Amino acid sequence: MIRFPLALAAAALLLFAPMAAAAAETGDAGDLLPGAQDLTPGGVTQIDGNFANSSDVDLYRLCLPGGGSFSASTVGGSVVDTQLFLFDSSGRGVYGNDDEGSSRQSTLPAGDPLTPAAAGEYYLAVAPYNRDPNSDAGPIFASLGPVLAPTGIGGAQPVSGWSGRVSGRGPYRVVLTGASCVVPDSTPPTIDLRTPFDGAEYLLGEDVAADYRCTDEPGGSGLVSCVGTVADGAAVDTSSVGGRTFEVDAADAAANTAAARNVYRVVYDFGGFLWPVRNPPAINHWRAGLPVPIRFALDGDRGRDVIEEGWPRVAQIECGSRAEPASAEPARHPRWFRELAFRKRTARYVFLWRTRREWAGTCRRFLLRLNDGTVKRADFEFVRH
């Protein structure tokens, strides 16, 4: 049998191998992440490289679209005995292989349980036989042969070096699938939440339709979900008073997520204090010692608990001042009048505020806090009888 030198045999294999969109090793690719040759700018289906010496290891940086589509194989493209290892973006082992079947070449298969499902940056190492990756804790792979997970004692840590006896040298070819080298979409979707807008106040029972949109960036992986507290166009909750949070969550096919949160408040339909009380900026001139009928409407009977506990309150202020008082005391009502009454005939609430004669010549601010969180004000200047 005629024997060809090893280098000529390898060259013949490369010459007659199927044509592919090849990337060539530039100089000597490094064996650790900082020195890896970057192949991410464009798609690659083939890598042609060379083991410069019997301890050489070459590392290539790839971008994978995920979905288990990646594969790498030196079968039929190399004479030198190879090993293949895939690492994630942090340098931790994903899977490896020494011999594919009866050959001395290697394959990292697609569709294997260990094949990357997530898109992202990865590092492919091509090593001659018996050059195995280690982390600071020890070997990353316990043994090689079939496709293996990083179950060695150092398998949980990133690659930091290589060990094992030196082996063969010469050219190699790695044929790839699922190595599109398109940088995965890392931009989250955009959420335009128009209604309810942040800080909005809506009346109790008001018809408010949700209005929001989710979009993915042009050329992105595509929007897969856009879910709000209620569907776009559906009624926003205004069934009871108080603060509310409206949420919208979005996700794209690359597992990027986004969230929008708008806070709104549902309030009573309070049209201001009714006669005889005048609303700000007017000043009410009132005889000291006479009770003040505080009347207001909330568009119907809303129950007797519409006022927050501990309210109304009264604060002494400087006459003509618009500044908020530093303190206030509970407003009193005459003993013969219940704290808060609702007049069905007029659909009005009434609180009878008891005043004192000694308030003559001073000013007070009446403060009413409803259980929707809003505070209503009216200013009084008290005069003598």
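If you're wondering where the values come from, they're calculated on a predicted model, not measured in any experiment.

Participant: Account for the overall build of the protein chain, naming residues and giving values.
Facilitator: Regarding its fold elements, the protein chain presents one helix and 27 strands. Each of the 385 residues in the protein chain was classed as buried or not, and the buried ones make up 43%. Relative to all contacts within the protein chain whose residues are 6 or more apart in sequence, the contacts with residues 24 or more apart total 68%. For the protein chain, the accessible surface area stands at approximately 19300 Å², while carbon and sulfur atoms represent 52% of it. Seen as two clouds, the 36 positive and the 44 negative side-chain charges of the protein chain have centres 20 Å apart.

Participant: So what about the environment of Pro 41? Which residues, and what values?
Facilitator: Checked against the element boundaries, Pro 41 lands in the loop between strand S2 (37-38) and strand S3 (46-51). Here Pro 41 falls in the exposed class, since its relative accessible area comes to 76%. Sequence separation between Pro 41 and Leu 62 is 21 residues; the distance between their C-alpha atoms is 9.0 Å.

Participant: I'd love a proper account of the sheet that holds strand S15 (residues 201-203), names of residues and values included.
Facilitator: Think of a sheet as strands paired side by side through backbone hydrogen bonds, with each pair either parallel or antiparallel. The sheet built from four strands is open, its strands ordered S15-S19-S18-S17 with mixed pairing. Only two strands of the sheet have a single neighbouring strand rather than two, namely S15 and strand S17 (223-228). Between one strand and the next, the sheet's axes are offset by a mean angle of 25 degrees, whatever the strand orientation. In the sheet, strand S18 (residues 242-252) pairs with strand S19 (residues 257-267) via 10 bridges, with the strands oriented antiparallel. Paired with Val 248 across the strands is Ala 260, a residue of S19.

Participant: Could you give an account of the side chain of Asn 256, naming the residues involved and the relevant values?
Facilitator: Assignment of secondary structure puts Asn 256 in the loop between S18 and S19. For Asn 256, a relative accessible area of 14% puts it in the buried group. Once residues lying within four places of it in the same chain are set aside, the contact partners of Asn 256 are Asp 185, Ser 186, Thr 187, Pro 188, Pro 189, Ala 250 and Ala 251.

Participant: Lay out the pattern of salt bridges with the relevant residues and their values.
Facilitator: If you walk through the whole model with that rule in mind, you get 15 salt bridges. Between Asp 48 and Arg 173 there is a salt bridge, with the nearest N and O atoms lying 2.7 Å from each other. With Asp 48 in strand S3 and Arg 173 in strand S13 (residues 170-177), this pair connects stretches of sequence that are 125 residues apart. Relative accessible area serves as the criterion here: at 9%, Arg 173 is assigned to the buried category. Between Arg 304 and Asp 301 there is a salt bridge, and its shortest N-O distance comes to 3.2 Å. Assessed through its relative accessible area of 40%, Arg 304 is described here as partly exposed. Relative accessible area serves as the criterion here: at 41%, Asp 301 is assigned to the partly exposed category.

Participant: Quick rundown of the state of the cysteines? Include the residues and the values.
Facilitator: Overall, the coordinates contain two disulfides when judged by the stated rule. The side chain of Cys 214 participates in a disulfide bridge whose partner is Cys 226; the two sulfur atoms lie 1.9 Å from each other. Residues Cys 214 and Cys 226 share a disulfide whose torsion about the S-S bond is about 65 degrees; that sign makes it right-handed. One end of the pair, Cys 214, is in strand S16 (residues 211-215); the other, Cys 226, is in strand S17, and 12 residues separate them in sequence. Judged by its relative accessible area of 12%, Cys 214 falls in the buried class.

Participant: Explain the side chain of Thr 40 residue by residue, including any values.
Facilitator: In this structure, Thr 40 sits in the loop between S2 and S3. Given the relative accessible area of 9%, Thr 40 is considered buried. Within the structure, the side chain of Thr 40 is placed 2.7 Å from the side chain of Asp 38, a separation counted as a polar contact. A polar atom in the side chain of Thr 40 sits 3.3 Å from the side chain of Arg 61.

Participant: Please set out the pairing of strand S22 (residues 313-317) residue by residue, giving values where relevant.
Facilitator: Regular strands place side chains that alternate from one sheet face to the opposite one. With two bridges connecting them, S22 and strand S23 (residues 329-330) associate as antiparallel partners. Paired with Val 314 across the strands is Glu 329, a residue of S23. Across five bridges, the pairing between S22 and strand S26 (residues 363-369) is antiparallel. Across the sheet, residue Arg 313 finds its bridge partner in S26, namely Leu 367.

Participant: Quick rundown of the nonpolar core? Include the residues and the values.
Facilitator: Core analysis: the largest hydrophobic core is formed by 30 residues, its most contacted members being Phe 273, Ile 294, Phe 296, Trp 353, Phe 366 and Phe 380. Of all hydrophobic cores here, the second largest spans 24 residues; its members include Ala 29, Val 80, Leu 84 and Leu 124.

Participant: I'd like a description of the sheet that holds S13, backed by residues and values.
Facilitator: Strand order in the open sheet formed by five strands is S1-S3-S13-S5-S8, and the pairing between neighbours is mixed. The open sheet is flanked by strand S1 (22-24) and strand S8 (107-108), the only strands paired with a single partner. With two bridges connecting them, strand S5 (residues 71-73) and S8 associate as antiparallel partners. From the neighbouring strand, Ala 72 faces S8, where its bridge partner is Leu 108.

Cut-off values and rules
Residues numbered from 1 in each chain as written. Predicted model: local features only at pLDDT ≥ 70, side-chain atom pairs only at ≥ 80, totals over all residues. Heavy atoms only, no water. Helix = DSSP H or I, 4+ residues; strand = E, 2+ residues; numbered from the N terminus. Buried < 20%, exposed > 50% of the residue type's maximum accessible area, 1.4 Å probe, protein only. Contact = heavy atoms within 4.5 Å. Areas by Shrake-Rupley, 256 points an atom, 1.4 Å probe, with all protein chains shown as cover. Lys, Arg positive; Asp, Glu negative; His and termini not counted. Charge placed at Lys NZ, Arg CZ, Asp CG, Glu CD. Pairing = 2+ DSSP bridges. Axes fitted to C-alpha atoms, helices over the stretch in contact; angles between N-to-C directions. Salt bridge = Lys/Arg side-chain N within 4 Å of Asp/Glu carboxyl O. Disulfide = S-S within 2.5 Å. Polar contact = N/O pair within 3.5 Å; in protein donor to acceptor, adjacent residues only side chain to side chain. Core = buried A, V, L, I, M, F, W, Y, C linked by side-chain atoms within 4.5 Å.

Scope: geometric values only; no functional claims are made or implied.
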